[in-house]
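Observations on chain architecture
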Amino acid sequence: MIDKVREHLSQNEPLLFERSSPGKRAYQLPALEVPAVDPAEALGAENVRPEIEGFPEVSEVEAIRHFTRLSTWNYAIDHGMYPLGSCTMKYNPRINELVARTEALAWAHPYQPEALAQGCMEVMARLEAALAEITGMDAVTLQPAAGAHGELTGILLIRALLQQRGNPRRKILIPDSAHGTNPATAAIAGYAVENIKSSESGVLDVAALEQLVTEDVAALMVTNPNTLGVFEENIIHAAEILHAKGAMLYMDGANMNALVGIARPGDFGVDVMHLNLHKTFSTPHGGGGPGAGPVAVKAALEPFLPAPRLKRSGKRWTYDYKRKHSIGRVKAFYGNFGVLVRALAYILAHGGPGLRNATVDAVLNAVYIRKKLEPYYDLPYPAPNMHEVVFSDERQARHGVRTGDLAKRLIDYGFHPYTVSFPLIVHGALMIEPTETEGKMEIDQFIDAMISIAHEAETDPHIIKTAPHGTRTSRVDEVAAARRPVLRWKPA
Amino acid sequence: MRYLPKSDSERRAMLEACGVAEADELFAHLPEAVRLRRPLALDPGISEYEIVQYFRDRAAENANGYASFLGAGVYRHYRPVLVDTVVARGEFLTSYTPYQAEISQGTLTAIFEFQTMLCQLTGMDVANASMYDGSTAVPEAAMMAVRATGKGRVLIARSVHPEYREVLHTYARHQGMPVTEFGFVPEAGTIDLEDLDRKLDGLTAAVIIQSPNFFGIVDQVKAAAELAHSKGALLIVVFTEAVSLGIVEPPVDADIVAGELQSFAISPSYGGPYAGILAVKEKLIRQMPGRLVGQSTDTHGNRAFCLTLATREQHIRREKATSNICTNQALIALMATVFMTVYGKEGLRELAVQNLSKAHYLAGKLAPRFCGKFFNELVARVDDPDAANKALLKKKIIGGLPLGRFYPELSDSMLLCATEMTTRAEMDALAEVLA
């Protein structure tokens, strides 16, 4: 049944601190060509630390083996499909890694003179322009470091504009299907959060929205397509309702992989949005970051963007710091430049038509999975889906098997689990996003695995509830980890 | 296209299985008014070779072959080869946040080691799995202090990195968190304790200082802690030059340490991505933002790691979370982990002493503005910093950062940095122009 993987050996490896032995080295510094300074004299004896207790001491060979062994304990996109819904785990092109390490880009200091940083500035300007074209928005800031950081930037922009119009207002409306970052962001930006219940078909309830939008509402934060993978068909109407009351439409661009080249938020009423370059634009997730969360806005919000702004002055790029309406800085310097380089490399590789083709394949993969798995898994919201599809564990739960268990069993079949128990509006959700970078064979293997697991739920639920079985680490006691937190190594 | 792994026949077969005659029908349910009915106005895709050439051409428009004395929060340190060797491994590079512990033990173990080493370095009890960077770690630390103390006001030293202060002001403006700055002693460049004492009151949640501070000077952590604690405020100590922790006494009197790890093998990369860090005393664990890795066991009783205390985080607690942070800087934190491993206990100290020695050699040739003890950066008096930098550029030297931009009273000064990569010849050449 399991044809994608079979067992292989993996090496055990202690922690660095357990491997450590006094005097071992993995470094050699050049001989010091200036007089050595006595730290106690230069810094004052009271400012000099004793040795760093417990710090590792290993050789170079041990260091490389340590991290190589650790690496083999991870699953990764390079191993296979990583169908985490909302996360857009697509292939990370290696050329992006290479160009980000181009010496005069990678070693550029953020304070080097503008005349000696024109290459970096041109890269950022070109990316800003490309993202504006892709989103249909008027201006882009590249400063935010990640999606949630972009959200905060976007909401602060809305606040600044409304403030200028006389009243920053009090509330942000957020659908109950939203990512957790949305309400957390609204709270940090000083807004109260009001949840909107999704309609029976899983989309924005426009009638409810009409009731809720008052002069007290600053904005609606909406993800489109939403976290069910369903396009918000009433988005233009929703924008009209908001705009009629002087409120703004914020779009969480986490699912932009469904829209690039097909539809542009700027064309359907969105005022502000962020993009996750580490999702749609292929920059690697790296085990949790780094990302980049550019924010795109309509012209009315442009004066408020974080300073500095790139500005063309004759044949050169320069920075404009004198922006009296700016919300200020959200991050030191100009953004996660290295991530921006990678995203631009991705855009250059695909080009305009290619980006659209990628979207088509992403949606095709998700629709295909839905068609094939619909007979086996409950589909709580039957509206047409785009780049991801959300099932529920209702049928398997009858046998005592929940979405978290099914996900763990998927590991035994050689796949990373889908996103578990999200969105919250689906009880026992299985959220599957294949992305465009999976071929038919990998997708078919995934489908076969899911069907096989559905059968197992009926015939052998125990094997699912105790999964995974083929991994070097079995289920981890997360409750114990939280009850008595051990967050660092200490000598025995 | 090379990133799309389907042949036309496979694509046709899949469309057929979906009951769709052509691809555009997949979007038939979208309202016509939202559809983009023209191609994106972007050039057609190009080959790998052309992409390399494009970025080489851009790089050629930057500084090439210049010596540099810039520091100011971003430092030129040698990057051991092992760092890129490790982070280039697809298992680290192309994996997601390690929520599925069974198949993420590599990342989880490395983060646990990272957290441990940051505790050892800073003298704190707990360190998180990283923040975006040093600048954003500062407001996160301030918000943590506000939650922990139930007070609202924040005092920050003017000797904290100016851009970090700007970020704090942006975050604080809409949260009812008044931020007041306090000064530095004009002769020493250390914090002005009298000014701090004057401005500190019972409503203050946190006092924020940097050490080594923006001027490179090892600042008065203990005295600041005593003052802050006497009024029930927490002390937040910021660092931008992590290498200093190899030799400088760690800020053990702080309650929160908010730092930037760029110095640990993270290339300057024109300002990012870097890795921020928050490390705290035990009592603040549950106020901590960001991800934490904890130790546990699996069902076989083997040691295993997992993300823990998630009830602080946005995906569980939503608007009541300690922060909205989700994505952090895991891969960059891994770079720092490999760096710390390569240098180790002796190496980090030796590296720090080399930096100290180089900066003191440089200082001996210039006119230091402050008398405070400094690590690898110093403020030098230069009549006209912009003119001096212009003269230096002719010798292919990027000079120091003119300070007038951030400190009008220091418009006759520049901030210079020397690291282990700065050569004696470069320093001699610089001194010749500045003297």
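Residues numbered from 1 in each chain as written. Chains lettered and ligands numbered in written order. Predicted model: local features only at pLDDT ≥ 70, side-chain atom pairs only at ≥ 80, totals over all residues.

It is worth spelling out the pairing of strand 8 (residues 309–313) of chain A at this point. All names here are of chain A. Here strand 8 pairs with strand 9 (residues 316–320) via five bridges, running antiparallel. Pairing of Arg312 across the sheet is with Trp317, part of strand 9. Hairpin remark: strand 8 followed by strand 9, antiparallel, with two residues in the connecting loop; positive phi at Gly314, about 65 degrees. (Pairing = 2+ DSSP bridges. Helix = DSSP H or I, 4+ residues; strand = E, 2+ residues; numbered from the N terminus.)

All names here are of chain B. In space, the seven strands of this open sheet follow the order 2-8-7-6-5-3-4, with mixed pairing throughout. Every interior strand has two partners, whereas the edge strands, strand 2 (126–127) and strand 4 (179–182), have only one. The pairing of strand 3 (residues 153–157) with strand 4 spans four bridges and is parallel. Bridging across to strand 4, Ala157 finds its partner in Phe182. In the packing of helix 7 (residues 162–172) onto the sheet, contacts are made with strand 3, strand 4 and strand 6 (234–239), and the angle to strand 4 comes to roughly 155 degrees. (Contact = placed C-beta atoms within 7 Å. Axes fitted to C-alpha atoms, helices over the stretch in contact; angles between N-to-C directions.)

Reports often express the size of an interface as the amount of accessible area lost when the parts come together. The interface of chain A with chain B comprises 171 residues on the first partner and 159 residues on the second. Among the elements that make up the side of chain A that touches chain B, the one with the highest residue count is helix 11 (residues 337–373) of chain A (24 residues). Partitioned by chemical class, the residues of the side of chain A that touches chain B number 101 nonpolar, 41 polar and 29 charged. (Nonpolar A, V, L, I, M, F, W, Y, C, P; charged D, E, K, R; others polar.)

Before going further, it helps to spend a moment on the nonpolar core. Judged by nonpolar contacts, the single largest core of 320 residues is most densely connected at Ala142, Ile208, Ile236, Ile256, Met335 and Ala336 of chain B. For Ala336 of chain B, the contacting residues outside a window of four places in its chain are Phe114, Leu261, Phe264, Ala265, Ile266 and Ala275 of chain B. (Core = buried A, V, L, I, M, F, W, Y, C linked by C-beta atoms within 7 Å. Buried ≥ 20, exposed ≤ 12 C-beta atoms within 10 Å, placed from the backbone.)

Within a sheet, adjacent strands bond to each other through the backbone by hydrogen bonds, running parallel or antiparallel. The three strands lie next to each other as 11-14-13 (chain B), forming an open sheet whose pairing is antiparallel. The sheet terminates laterally at strand 11 (377–381) and strand 13 (401–402) of chain B, the two strands that pair on one side only.

Turning to helix 2 (residues 48–60) of chain B, a few remarks are in order. Helix length check: helix 2 of chain B (13 residues) gives 18 Å between terminal C-alpha atoms against 18 Å at 1.5 Å per residue, within 8%. Among all positions in helix 2 of chain B, only Ile51, Phe55, Arg58 and Ala59 of chain B are buried. Buried residues of helix 2 of chain B, seen end-on, are gathered within an arc of 105 degrees and therefore sit on one face of the element. The exposed residues of helix 2 of chain B that point more than 90 degrees off its buried face are Tyr49, Glu50, Asp57 and Ala60 of chain B. Tucked inside the fold, the buried residues of helix 2 of chain B contact helix 4 (94–100), helix 5 (103–106), helix 6 (118–135) and helix 11 of chain A. (Expected span 1.5 Å × (residues − 1). Arc of directions from axis to C-beta.)

Turning to the domain arrangement of chain A, a few remarks are in order. Looking at chain A, the domain boundaries give domain 1 (16–71), domain 2 (95–348) and domain 3 (356–478). Relative placement of domain 1 of chain A and domain 3 of chain A: their C-alpha centres are 46 Å apart. (Domains from an automatic or database assignment.)

Residues and elements named next belong to chain B. Partitioning chain B into domains gives domain 1 (69–79 + 343–434) and domain 2 (82–338). On a C-alpha basis, the centroid separation for the pair domain 1 and domain 2 is 26 Å. Residue-level contacts link 25 residues of domain 1 with 25 residues of domain 2. Elements with a minimum of two residues in the side of domain 1 that touches domain 2: helix 11 (330–363) and strand 11. Partitioning the side of domain 1 that touches domain 2 into residue classes produces 15 nonpolar, five polar and five charged.

Residue and element names in this part refer to chain B. Two elements in contact, helix 6 (residues 134–149) and helix 7, have axes separated by 8 Å at closest approach and are oriented at 45 degrees. In terms of their interaxial angle, helix 6 and helix 7 are classed as oblique. In this structure, helix 6 crosses over helix 7, and the sense of that crossing is right-handed. Residues Gly134, Ser135, Thr136, Val138, Pro139 and Ala142 of helix 6 form the contact with helix 7, whose participating residues are Glu163, Tyr164, Val167, Leu168, Tyr171 and Ala172. (Parallel < 35°, antiparallel > 145°, perpendicular 65-115°, else oblique. Left-handed = near helix turned anticlockwise from the far one by under 90°.)

A word on unusual backbone geometry. What you tend to see is this: most non-glycine residues have negative phi, and most peptide bonds are trans. Residues and elements named next belong to chain A. The amide bond that connects Phe422 to the next residue, Pro423, takes the cis arrangement and shows omega of 0 degrees. Relative to the elements of secondary structure, Pro423 occurs in the loop between strand 11 (419–420) and strand 12 (429–432). Cis geometry marks the peptide bond from Ala467 to Pro468; its omega dihedral reads 0 degrees. One non-glycine residue, Ser86, adopts positive backbone phi at about 80 degrees. On the secondary structure map, Ser86 appears in the loop between helix 3 (60–71) and helix 4.

For the pair helix 11 of chain A and helix 1 (residues 8–17) of chain B, the least separation of the axes is 9 Å and the interaxial angle reads 50 degrees. In terms of orientation, helix 11 of chain A and helix 1 of chain B fall into the oblique class. The chirality of how helix 11 of chain A crosses helix 1 of chain B is left-handed. On helix 1 of chain B, the residues that touch Leu364, Tyr368 and Lys371 of chain A of helix 11 of chain A are Met14, Leu15 and Ala17 of chain B. Broken down by class, the residue content of the contact of helix 11 of chain A with helix 1 of chain B amounts to five nonpolar, no polar and one charged.

All names here are of chain A. For helix 14 (residues 440–459), built from 20 residues, the straight-helix expectation of 28 Å at 1.5 Å per residue is met to within 8% by its first-to-last C-alpha distance of 28 Å. For helix 14, the full list of buried residues reads Ile443, Gln445, Phe446, Ala449, Met450, Ile453, Glu456 and Ala457. Along helix 14, the residues classed as buried sweep out an arc of 160 degrees about the axis, all on the same side. Facing away from the buried surface of helix 14 by more than 90 degrees, the exposed residues are Met441, His455, Glu458 and Thr459. Residues of helix 14 that are buried in the fold lie against helix 11, helix 12 (394–397), helix 13 (403–412) and helix 15 (461–465).

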